[in-house]
Each structure stands twice: as structure tokens, then as C-alpha cells.
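Remarks on the overall topology
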Amino acid sequence: MTVHQSQSAVMLGENGERIIARHHRLSIKRGIMLLCLLTVALLLLFTDIVTGPSGLTAHAVLGGLMDPTSLDRIDAVILYDVRLPAALMALLVGAALATAGVEMQTVLDNPLASPFTLGVSSAAALGAAVAIVTGASIPFLGANWLVSANAFVFAIGSVALLQLLTSLRGGGSEHLVLFGIALVFSFNAAISLLQFYASAQSVQQVVFWMMGNLQRADWTNVSVLALVTVVVLPLSWLASPQLTALHLGEERAMSFGVDVRRLRLFSLIRVSLLTATAVAFVGTIGFIGLVGPHIARMIIGEDHRFLIPASALSGGVLLLGASIAAKLLVPDANLPVGIVAALVGVPVFVALILRQGRRR
Amino acid sequence: MTALSLRDVHAGYAGKPVLHGVSLPDVTPGQILALTGPNAAGKSTVLKAIGGFLPVRGTIMLGPDDITRLKPFQRAGKISYMPQALPRGVGLNVFESVLAALRIAGKHGATISGLSLERQAAALIENLDLGDIALSNIDTLSGGQKQMAALAQALVGNPSVLLLDEPTSALDLRHQDEFMRVIRSVAASGTIVVVVLHELALAARMSDRIAVLSKGRIVAEGLPVEVLSRDILADVWGIDAEVTVNARGSLLIDVLGPSRNVIKKEIE
């Protein structure tokens, strides 16, 4: 047996050709799975736009999307200013959180990690609470923007703080998780403290903000999140070979030639951008970032070149599903989607754990 | 010739020194050096020092280059480190895992240019006779097959040095033997192999040289039959054992019980 490879040794036998052919078939199958997921996401996007209290029919929506002038004024406002931004927001937030989740799970080597594990969402909530309770406002920007901007600044700041703390201890993933959890508790305590001293009205606003609601979507914040997602998602995808290698073990990945510290740092920056932007606009929406990647994993496996887009699509599908469910379950209540996402997410999550337990 | 040598290497973990001046004479291409010694002697630490995972004081030469200044990812293609076991829940098949390693190695110029990574992965898998399990999920493989999959990943980029950390510790006798025979053939093609082994008989049979570590120092180094003496077994492992060489030249170690100094210590 000769193990050294050289040009002459790479005359593949029949077996080798067969392996490559079967690998190609597997790749094509995964590509088709991705297309199916995309189709489901688009169908749910349309269903979400159609679902709602006013009597806007699917036919009218289709007509209105093709030709806005076919709708009367009220229907046009409902479609273009309410339903469409909210539905796009659901897709984008789901995609952003699930992509952040899959990166987090790989980088921390922990299947229970999510974009919220390290305190990003708690920090965002604290930022929003500070803005709501103090009632300050940024010149030329509305009060809503201050809440979002503050949430974003706090979320990014918490990741910077976390990176600083972890680098003091050598940058290992276990310290990252421990410091992250410490930050979650600190931020939550700070939110409670604020609520304790705040007026009843502010407390109500803070609580409502934290529930996670797509009704805050408008074209401006949808565009901002779309921009962030369109820039960051391809960067995540470009890191997929390194992430797949890291999944085989940290030292093994280093030995292949992955600069793990750098990968972890840039991954955290991507995660914080995606999460902070999403949370700043819609509040805390749990479980998408945890469950989305796991569903994608079950469909498509661990090759991150497929897993990352599949996670993004699964996240979008889940949040669109939650949004539709929220509107159908309690038609007139405008139920915050964050509540429904968690209610749907918990049983899915428990089922996943049970399934995993049986497999081992 | 590109030989590997260590001179006065000190290394350890966050404020806890483990190696206190380890030196090893040239290990040449084609040779297998087995590192052995009792638990906590620093065997794995030597591998991690060579692999670049730890800050090191001293020199580690590979040919004319002192490699202590390179980060682990800069050693890709030259030095390959295979940890004890693959993680659980890998979720990739053997071919994909080798391809994943090749994609990274390709970025460092450690692959064959002008040949698709898929063909290189398939060739590597064929050479190791892993065709039957190439498209099986690693999680479903037996212990021996998992180690072969890990070996295929480690051989990506055709490294000059292969570091193996207790590769046989979870394998039964037959698979220990099979795995080490493959390692022999890897070495025979011109690779320097440094392997941590607990099984002394296996180390004696499969390696060209043995280095015995104790408390972070090399206490003996040389041919297996020279190194594994009754005195060394008593001093380092604390066992009294009869060491004989049979007619085929194999080393037989018959453990009789704890060594005298261990018994003396217990009495005191």
C-alpha cells in the first residue's frame, strides 16, 4: 500500500470513481432539499401576507403584488405598509437568528447554544429598557429609533465585553460560555432593577418590547435588516469549510490549518451583527436560533456549505409559521409572535432531544 | 533529509509546567518513535508541543527550520496531529470529512494543484482501503473504522510528520494490530511518525525507537529491546516484571507485581 499521494498515484480505481459519483448524487439531493425549503419559505411568506383580520383575499394579494393600482387605498395600505413588511421581517429575523444559531453551536461546540446564549438578547433588552425608562430621544430620529439603536449598541457592546473577558483567559469556548451566562444574569438583574424603579407605564412598555413582535416592522427597519442579512449571510457561508472542519474537533481543525481563534472572533462578530439587528427591531424571539439549526441539521447533515443556507431557510420558515399561527389562533388579539414562537418551539425542541436520546 | 528533533523543550498549561527540558535526537523519515510512560508523564504534551498547540521554550527542528515560531495553522501540510478520538455527533460521512480537511489544506497550498479535491479525497480513501465505508456516516462506524477515518483526515496534505495521540487506546487487540500496521506503511512511504502508546508490547513490536517519559523528562530512548528493561519498568512504572526476548525477537513482559521501591514506600 502506498499512502503518499503524487500525480501518478491519483489514478483512481473503479471504487474511487464510484465514491465520487455517489457523492455527487448526495450533493444534488441536498441542493434539491434546499430548493424545497426555499419553496416552503416562499409559500409561507405568501400565506403570512394573506393571513389577517381584514378580508384581503389571496387573489387580491396576488393582483396587488403584481399591480399595486389594482387595490383600493385601504387594501393597498394593509398590503404594503402592514402585511408585507411584517412578513418579510419574519423571514429575515428567522433567517438571521437561525444563521447566528448555527454558527454559535459550531463555534462553541455546543448543540444547546443559540444567539441568545451569550447574553446578546439580554443586552439588547437592557438597552431598550434604558431607552424606554429614561425616555431620551436622538435628534432627528423618532423615539422608536432610540429604543432600537440603544438595543443594538448594548448588544454589540456586550459581545465586545465578552470577547475582552474571554481573551483574558486564553479564548477557549468553555470560558466564552461561562462568561456569556454570567452576562445574561447580570443584564437580567439590571433590567429588573430598572423595572423596579420605573413608572408603571414604562414597565408595561419594556415588558411588551421584550415579548418580540413583528408589528413594529416598517420599510425602514426591514431594509436595514435586509441589508445586514444580505451582507453577513454570504460571509457566514464563506466560512463554512472552516466551520465544518472545526466541527471535527478544535485541535484537529488547527492541524488542518484553520486559525481557530480568528474564526471564532469573526464568527462572533457576524452572530452579534445578525442578532443585535434582529432583536433591536422586533424584540426577543426565542428558540428560532436554537431549533432552526437543528431542523436543518436533520434534513441536510453537518456540511456547513449546505447547513448554513438550510438553517437560514428553516429559521425563516419557523418564524413565518409562528406568525401565521399567532394570527390564526387568536384572530383579533395581535398576539406577539415571540410568545407563539416559544410555545411552538418548546415542544419541537423537547421532541428533538427525545429523538436524539433514542439515537445514542 | 528532513528529520525531527527536540532540544531542551519546556512546555505546559496556564502556569503549570509539564515538560522540563525534553530532548530527542533526530527522528528520520520512515521511522516510528513511540512515546511511552506512566499517566501524567507528559506524553501528550510532547505531541501538543510539536503540533504547536502550546507555547514552547526550546527548539523543535524539522529539517533546517525551527518550527516553534509557527502557529498550528501555519504548520498545516507539514505536521499533522491526530487527537485521541473523533467527537460524538460528527454527522459527516468519511468522504465528506476528508474533503472538509482538503478544503482547508487547499487554502494553505498543501494539496495537489490541478487535481480536483474530490479526486484527491477518493484517492486517499482508496489507498487506505476505506472504499466500503467512504459514504457511511462516521457516527455509525466501529471504533476501528472511526480511527481509520480520522487517519484519512490526518493524512490530507501529505504531512512530513504525523503525530498520533493514543490512537489504539479504544481498540481491541486485532484492531490495535491492524491500525498500527497501516501506520507502519504510512511511515514506510517516508513519513516521520511520533505516536503515544500505553501498550508496551505493541510499542515494542511496531516502533523503531521508544522514548520513555517520566515526570516531564525523557529517562530512556533507543531501540525497544534496549529501552524496555527490568530496571526501567521498576523505576518508571513501579512494577516488577520479567522481560525476555523470544526466538522471533518479540519482547515479552511478564508483570510479577509492584516493584520493590513501591512496596518499600508503602511500608514506610
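Bear in mind that the values here come from a model prediction, so they are computed numbers and not experimental data.

A separate point is the environment of A:Leu313. Residue and element names in this part refer to chain A. Summarising the element assignment, Leu313 is placed in helix H13 (residues 304-329). Classification of Leu313 as buried rests on a count of 30 C-beta atoms within 10 Å. Residues Leu313 and Ala96 lie 217 residues apart in sequence; the distance between their C-alpha atoms is 9.5 Å. Beyond its immediate chain neighbours, meaning those up to four positions away, Leu313 contacts Leu37, Leu38 and Ala41.

Attention now goes to the UniProt feature "domain: ABC transporter" (unreviewed entry) in chain B. When the UniProt feature table is mapped to this numbering, "domain: ABC transporter" (unreviewed entry) covers residues 4-240 of chain B. The span residues 4-240 of chain B is 34% helical and 27% strand by assignment, and the distance between its end C-alpha atoms comes to 34 Å.

Let us look at the domain arrangement of chain B. Residue and element names in this part refer to chain B. Partitioning chain B into domains gives domain 1 (4-228) and domain 2 (229-268). On a C-alpha basis, the centroid separation for the pair domain 1 and domain 2 is 29 Å. With 14 residues of domain 1 at the interface, the matching set in domain 2 holds 10 residues. Elements with a contribution of two residues or more to the side of domain 1 that touches domain 2: helix H6 (200-206), strand E9 (209-214), strand E10 (217-222) and helix H7 (224-227). Partitioned by chemical class, the residues of the side of domain 1 that touches domain 2 number 11 nonpolar, 2 polar and 1 charged.

A separate point is the packing of helix H9 (residues 240-247) of chain A against helix H2 (residues 94-107) of chain B. For the pair H9(A) and H2(B), interaxial distance at closest approach is 9 Å and the crossing angle is 130 degrees. Comparing the axis directions of H9(A) and H2(B) gives the class oblique. The two elements H9(A) and H2(B) meet at a crossing, and its hand is left-handed. In this structure, H9(A) uses A:Pro241, A:Gln242, A:Thr244 and A:Ala245 to contact H2(B), whose residues at the interface are B:Ala100, B:Ala101, B:Arg103 and B:Ile104.

This part takes up the UniProt feature "transmembrane region" (unreviewed entry) in chain A. Here the UniProt feature "transmembrane region" (unreviewed entry) sits at residues 32-50, 116-138, 145-165, 177-198, 219-239, 271-294, 306-329 and 335-354 of chain A. Here residues 145-165 of chain A runs as 100% helix and 0% strand, with 30 Å between its end C-alpha atoms.

Facing the 35 residues of chain A at the interface are 47 residues of chain B. Within the residue set of the side of chain A that touches chain B, elements represented by two or more residues are helix H1 (14-50), H9 and helix H10 (250-256) of chain A. Tallying contributions element by element places H1(A) first for the side of chain A that touches chain B, with 6 residues. When grouped by side-chain class, the residues that make up the side of chain A that touches chain B number 13 nonpolar, 15 polar and 7 charged.

Residues and elements named next belong to chain B. Read from one edge of the open sheet, 6 strands run E6-E7-E8-E3-E9-E10, paired in mixed fashion. Lying at the two open borders of the sheet, with one neighbouring strand each, are strand E6 (79-82) and E10. The mean angle between the axes of side-by-side strands here comes to 15 degrees, regardless of whether they run parallel or antiparallel. Note: strand E3 (residues 32-36) against strand E8 (residues 192-196), 4 bridges, orientation parallel. Paired with Leu35 across the bridge in E8 is Val196. In the packing of helix H5 (residues 173-188) onto the sheet, the strands contacted are E3, strand E7 (161-165) and E8, and the crossing angle to E8 comes to about 150 degrees.

About the criteria used
Residues numbered from 1 in each chain as written. Chains lettered and ligands numbered in written order. Predicted model: local features only at pLDDT ≥ 70, side-chain atom pairs only at ≥ 80, totals over all residues. Helix = DSSP H or I, 4+ residues; strand = E, 2+ residues; numbered from the N terminus. Buried ≥ 20, exposed ≤ 12 C-beta atoms within 10 Å, placed from the backbone. Contact = placed C-beta atoms within 7 Å. UniProt positions renumbered as here; feature names shortened; annotations may be inferred. Domains from an automatic or database assignment. Nonpolar A, V, L, I, M, F, W, Y, C, P; charged D, E, K, R; others polar. Axes fitted to C-alpha atoms, helices over the stretch in contact; angles between N-to-C directions. Parallel < 35°, antiparallel > 145°, perpendicular 65-115°, else oblique. Left-handed = near helix turned anticlockwise from the far one by under 90°. Pairing = 2+ DSSP bridges.

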